[in-house]
Amino acid sequence: MARIRKSENGGAADGTASDVNDSKPATRLVNVVIPAEERDLVKVNNTNLVDLKNACDDILKRFLSRPELFKQIHTHTDVRLALGWASVLVAAGTAYYGWKVEFETSKPVVWAGMIVYVVLAIAQTLYAYFVEKDIVFVGKRKTFDKRIVTERITMSSNTVPSSPSNPPAYFLSATYVRSASGGKSLLGRGKASDQRSYNAFFDENGTMDQERFESWVTELVERVMQDKTQ
Amino acid sequence: MFAEELKAFRRLGVRGVLVQLLNFASVIASGLMMWKGLGLLTNTESPIVVVLSGSMEPAFYRGDLLFLTNPPNVPYQTGDITVYKVPGSPIPIVHRILETRGIVRNAPKSAIAQDVADGQKSAVLRAVEGQEVEQLLLTKGDNNPIDDVDLYNGLDWLERRHVVGKVRGFLPYIGYVTIAMNDHPNLKYLLLGVLGLFALIQRE
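Cut-offs used in this document
- Residues numbered from 1 in each chain as written.
- Chains lettered and ligands numbered in written order.
- Predicted model: local features only at pLDDT ≥ 70, side-chain atom pairs only at ≥ 80, totals over all residues.
- Heavy atoms only, no water.
- Helix = DSSP H or I, 4+ residues; strand = E, 2+ residues; numbered from the N terminus.
- Buried < 20%, exposed > 50% of the residue type's maximum accessible area, 1.4 Å probe, protein only.
- Contact = heavy atoms within 4.5 Å.
- Areas by Shrake-Rupley, 256 points an atom, 1.4 Å probe, with all protein chains shown as cover.
- Salt bridge = Lys/Arg side-chain N within 4 Å of Asp/Glu carboxyl O.
- Polar contact = N/O pair within 3.5 Å; in protein donor to acceptor, adjacent residues only side chain to side chain.
- Nonpolar A, V, L, I, M, F, W, Y, C, P; charged D, E, K, R; others polar.
- Domains from an automatic or database assignment.
- UniProt positions renumbered as here; feature names shortened; annotations may be inferred.
- Patch = residues over 30% accessible without salt bridge, like charges linked within 9 Å, V, L, I, M, F, W, Y side chains within 5 Å.
- Axes fitted to C-alpha atoms, helices over the stretch in contact; angles between N-to-C directions.
- Parallel < 35°, antiparallel > 145°, perpendicular 65-115°, else oblique.
- Phe/Tyr/Trp six-rings, centres within 6.5 Å; stacked < 30°, edge-to-face > 60°.

1. Focus on the overall build of chain A
- Within chain A one finds five helices and seven strands.
- In chain A, the succession of α and β elements from N to C terminus is β-α-β-α-β-α-α-β-β-β-β-α.
- Taken across its 230 residues, chain A has 40% of its residues classed as buried.
- Counting contacts in chain A only where the partners sit at least 6 residues apart, residues at least 24 apart contribute 64% of the total.
- Accessible surface for chain A amounts to roughly 12900 Å². Of this, 56% is attributable to carbon and sulfur atoms.

The structure is reproduced here in structure tokens:
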């Protein structure tokens, strides 16, 4: 059960403004408060940067894919799974064939299998490096504002390593696109990013302050949704 | 201990579990492919073998790791150390070549040489014409008193096709890990189980 509160961030983001001027997009993001019973305690190893980033990414994904907010699009994950499992199956088939059939006669098939495996492995690496990069969440939602408006948000994150004066930080950037009539007319786009050191979200035991993280994410998402082009 | 892991898995969802399983499976797949690739490059079915007996001492001791190649058209020579498998026994043997013989097997004659009678041709021309010279080998372990004819299961000579490869290099002692895992298969399953558990739980 989520208590819905009107956003308090910025006058222009107020929901009531959209009734007056209906070309202005509704940038209000429903403020969701998750009661304590529904939360699992998140505790990670404070010194492990990978764990810290994964914990933040997990909470981000779980928060933004709530039904009131966005619907997650799993394309990147699905491509990675498809290429990965295809290469595993090719490898398993080739190895099984090479085991069953005597070496000399098996050579052409094993060569073919090897080449297919290498191609798939290279495809996976190229996809992860060029297409997926740092993206952790891609979400979509449809709102009705005189016509069906589709909004698409992409969140990327990476860890900023520590320097002598700053602790390690979590850098989150959001890209936002709104379009209408099935993606054909572009209504606006936005890009925003913010950085917070991990200290802000994790205490000395490694317990994560999820509400504070979620409200920071909410603030960033609302900022990116504020339309700068119109 | 497992209740927490199960809860973590349920939180991951179907996709998350598939991704974790993929991490584990792809490690195994890449290992398999590297092994097969090495086999293809060296033209032998097992490019790395472990010495099990002491019949090649003092050159190789039990537990040494051997690296093999099998160059396709290069004949083997006396003194090469080869690993061979006699048909009918599953265990490959690593011994040194004592003697080699080449015999000529008849292959279909090429059109060019057809009108010239066999007796008028020299050995070189015969080889050029496409008749194959097959190698027959006799081996003996350095530390054995007699040669290997008794091991050949009825054959008098080893044929080239029985040879897995020729030794090109070795590493001492490393093979004991494989010997231990073969003598105690539980060790093998334990190792695989532990690696699997780590791969499933770790997230990168």
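2. Thoughts on the interface of chain B and chain A
- The partner chain A presents 24 residues to the 22 residues of chain B that form the contact.
- The interface formed by chain B and chain A contains one salt bridge.
- In this structure, Arg15(B) and Asp78(A) form a salt bridge, with 2.8 Å as the shortest nitrogen-oxygen distance.
- Put simply, chain B and chain A have four residue pairs in polar contact (both at pLDDT 80 or more) between them.
- Considering only residue class, the side of chain B that touches chain A consists of nine nonpolar, six polar and seven charged.

3. Focus: the domain arrangement of chain A
- As assigned here, chain A comprises domain 1 (43-73 + 134-227) and domain 2 (77-130).
- Here the C-alpha centroids of domain 1 of chain A and domain 2 of chain A sit 35 Å apart.

4. Quick word on the UniProt feature "transmembrane region" (unreviewed entry) in chain B
- Mapped onto this numbering, the UniProt entry gives "transmembrane region" (unreviewed entry) at residues 12-35 of chain B.
- Within the segment residues 12-35 of chain B, helix and strand shares are 100% and 0% respectively, and the terminal C-alpha atoms sit 33 Å apart.

5. Overview of a nonpolar patch on the surface
- On the surface, Val118(A), Ile122(A), Leu126(A), Tyr129(A), Phe130(A) and Val131(A) cluster together to form a nonpolar patch covering roughly 600 Å² of accessible area.
- Tracing the backbone shows Ile122(A) in helix α4 (residues 103-132).

6. A few points about the packing of helix α3 (residues 176-183) of chain B against helix α4 (residues 185-201) of chain B
All names here are of chain B.
- Between α3 and α4, whose axes approach to 4 Å, the crossing angle comes to 105°. When the interaxial angle is binned, α3 and α4 end up roughly perpendicular. Between α3, through Ala180, Met181, Asn182 and Asp183, and α4, the contact on the second element is made entirely by Pro185, Leu187, Lys188 and Leu191.
- A breakdown of the residues in the contact of α3 with α4 according to their chemical character gives five nonpolar, one polar and two charged.

7. Points about the packing of aromatic side chains
Residue and element names in this part refer to chain A.
- Under the defined criterion, the tally for this structure stands at eleven aromatic pairs over all chains.
- Measuring from centroid to centroid gives 5.0 Å for phenylalanine 201 and phenylalanine 213, while their planes differ by 85°, and the two rings are edge-to-face. Within this pair, whereas phenylalanine 201 is found in the loop between β7 (185-197) and α5 (210-225), its partner phenylalanine 213 is found in helix α5, the two being separated by twelve residues in sequence.
- A relative accessible area of 0% places phenylalanine 213 in the buried class.
- These aromatic residues form a ring-pair network of at least three members: Tyr170, Tyr198, Phe201, Phe202, Phe213 and Trp216.

8. Description of the UniProt feature "transmembrane region" (unreviewed entry) in chain A
Residue and element names in this part refer to chain A.
- Following the UniProt record, one finds the feature "transmembrane region" (unreviewed entry) at residues 81-99 and 111-131.
- Taken end to end, residues 81-99 has its terminal C-alpha atoms 27 Å apart, with 100% of it in helix and 0% in strand.
- As a span, residues 111-131 carries 100% helix and 0% strand, and end to end its C-alpha atoms are 29 Å apart.

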